[in-house]
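What follows is the residue order along each chain.
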Amino acid sequence: MKIFHLNGPEPLYTNSFLLITQAGHAVIIDPAAEAAQYDAYLKQENDVLTHIFCTHGHFDHVGAAEALKKEWHAKLYCEAADTQGSQMYPLAAADSGYAEGETISVDELHFTVWHTPGHTKGSVCILCGELLFTGDTLFAGDTGRTDMPGGSHAEMVESCKKLKSLALPTMTKVLPGHEDFSTYGREMGGNSFIRAFCE
């Protein structure tokens, strides 16, 4: 597997990830950057985009989703609760949502998905090997905002409890939707919000 980290436009600089399998099939998690940026990576080595996974539907995480889906005929995943066709949630539809705990396989890569509402109703976290893509649910030293439409503090507390119950290896990388990366062990043991929510 090859993985590339891209950022969405300022001022939010949303983290986005492009994963490419050994067979040259590509998966994007949170297509926040310009479509041309992904195309440059894909066309350089004749890779093919097959799947787009959105951790939630906010505008800063899905900016290139529709253009990339149309160009590459990729399958777009986003929860129905977050496909509202509005300014905040610009996707009007997706090809599929996620089943709780389901694993989606793309060649040798296996993506397991858990629903983690709180930041939005349709928020999910996605595990691929030792990489945990947490969107705006879990950050380094913090959790996502719950004060915007669709947010819920009570749901965020339950989602954080769910993440802690997964008991993943401590060195699993936490790759959030914004700012710095972390590890599962560091966040489950040292994140003050997680400690408060899970007492």
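The preceding data block contains the structure.
Cut-offs and rules
- Residues numbered from 1 in each chain as written.
- Predicted model: local features only at pLDDT ≥ 70, side-chain atom pairs only at ≥ 80, totals over all residues.
- Heavy atoms only, no water.
- 1 Å grid on protein atoms, 1.4 Å probe; cavity = no way out; pocket = protein on both sides within 12 Å on 5 of 7 lines; lining within 4 Å.
- Points joined across faces, edges and corners; volume = space filled by probe spheres on them.
- Helix = DSSP H or I, 4+ residues; strand = E, 2+ residues; numbered from the N terminus.
- Nonpolar A, V, L, I, M, F, W, Y, C, P; charged D, E, K, R; others polar.
- Buried < 20%, exposed > 50% of the residue type's maximum accessible area, 1.4 Å probe, protein only.
- Core = buried A, V, L, I, M, F, W, Y, C linked by side-chain atoms within 4.5 Å.
- Contact = heavy atoms within 4.5 Å.
- Pairing = 2+ DSSP bridges.
- Arc of directions from axis to C-beta.
- Salt bridge = Lys/Arg side-chain N within 4 Å of Asp/Glu carboxyl O.
- Disulfide = S-S within 2.5 Å.

S.K.: Would you mind going over empty space enclosed by the protein with me for this structure?
M.R.: Where empty space is left becomes clear once a probe the size of a water molecule has been rolled over the atoms. All chains considered together, the criterion is met by one cavity of 30 Å³ or more. Along the walls of the largest cavity sit Asn15, Phe17, Ile29, Asp30, Thr55, Phe133, Thr134, Gly135, Leu175, Pro176 and Gly177, which together make up its complete lining. Of all the secondary-structure elements, those providing two or more residues to the lining of the largest cavity are strand E2 (15-20), strand E9 (131-135) and strand E12 (173-176). Counting residues per element, the lining of the largest cavity draws most heavily on E9, which supplies three residues. For the lining of the largest cavity, the class distribution of residues is five nonpolar, five polar and one charged.

S.K.: Quick question: what am I supposed to make of unusual backbone geometry here?
M.R.: Glycine aside, the phi torsion of most residues is negative, and most peptide linkages are trans. The step from glutamate 10 to proline 11 runs through a cis peptide bond, and the omega angle for that step is 5°. Even without being a glycine, asparagine 46 presents a positive backbone phi close to 60°. Summarising the element assignment, asparagine 46 is placed in the loop between helix H1 (35-44) and strand E4 (48-53). By relative accessible area, asparagine 46 is classed as exposed at 68%. Although it is not a glycine, glutamate 179 sits at a positive phi angle of roughly 65°. As for its position among the elements, glutamate 179 is in the loop between E12 and strand E13 (182-183). Overall, the relative accessible area of 70% leaves glutamate 179 in the exposed class.

S.K.: Looking at this model, I keep getting lost on the nonpolar core. Mind explaining?
M.R.: The nonpolar side chains of a soluble globular protein tend to be buried with one another. Of all hydrophobic cores here, the largest spans 21 residues; its most connected members are Leu18, Tyr38, Leu49, Ile52, Cys54, Leu68 and Leu91. Listing elements by their share of this core, those giving two or more residues are E2, strand E3 (25-29), H1, E4 and helix H3 (65-72). Filtering out sequence-adjacent residues up to four positions away, leucine 49 remains in contact with Ala26, Val27, Ile28, Leu42, Leu68, Trp72 and Ala74. Core analysis: the second largest hydrophobic core is formed by 18 residues, Tyr77, Val106, Leu131 and Phe133 among them.

S.K.: Where do I start with the sheet that holds strand E7 (residues 109-115) in this structure?
M.R.: By way of backbone hydrogen bonds, the strands of a sheet pair with one another, either parallel or antiparallel. Reading across the sheet, the six strands line up as E6-E7-E8-E9-E12-E13 and stay open at both edges, with mixed pairing between neighbours. If you trace the sheet from one side to the other, it starts and ends with strand E6 (103-106) and E13, each paired once. Looking at chain direction, strand E8 (residues 124-128) and E9 are connected through three bridges and run antiparallel. Bridge pairing links isoleucine 126 to phenylalanine 133 in E9.

S.K.: What's the story with H1 in this structure? I'm lost.
M.R.: In an α-helix there are 3.6 residues to a turn, and that puts residues three or four apart on one side. Of the residues making up H1, those classed as buried are Ala35, Tyr38, Asp39 and Leu42. Buried residues of H1, viewed axially, fall in a sector of 100°; they line one side. Within H1, the exposed residues directed more than 90 degrees away from the buried face are Ala36 and Gln44. With its phi angle positive at about 60°, asparagine 46 sits one or two positions after the end of H1.

S.K.: Which parts of the structure should I look at to understand the pattern of salt bridges?
M.R.: Note on pairing: side chains with opposite charge can pair once their charged atoms come close. Counted under the stated rule, the structure contains seven salt bridges. With a shortest N-O distance of 3.3 Å, lysine 43 and glutamate 71 are connected by a salt bridge. Of the two residues, lysine 43 is situated in helix H1 and glutamate 71 in helix H3; the sequence distance between them amounts to 28 residues. Across the pair lysine 162 and glutamate 100 runs a salt bridge, and its minimum N-O distance is 3.1 Å. With lysine 162 in helix H4 (residues 153-165) and glutamate 100 in the loop between strand E5 (75-77) and E6, the pair connects residues that are 62 residues apart, well separated along the chain. On the basis of relative accessible area, lysine 162 is assigned to the partly exposed category, the value being 25%.

S.K.: Whenever I open this one, the state of the cysteines confuses me. Can you help?
M.R.: Working definition of a disulfide: a covalent bond connecting the sulfur atoms of two cysteines. In this structure the tally under the stated criterion is zero disulfides. The cysteine cysteine 160 is free of any disulfide, with cysteine 198 supplying the nearest cysteine sulfur at 6.5 Å. The exposure class assigned to cysteine 160 is buried, which follows from its relative accessible area of 0%.

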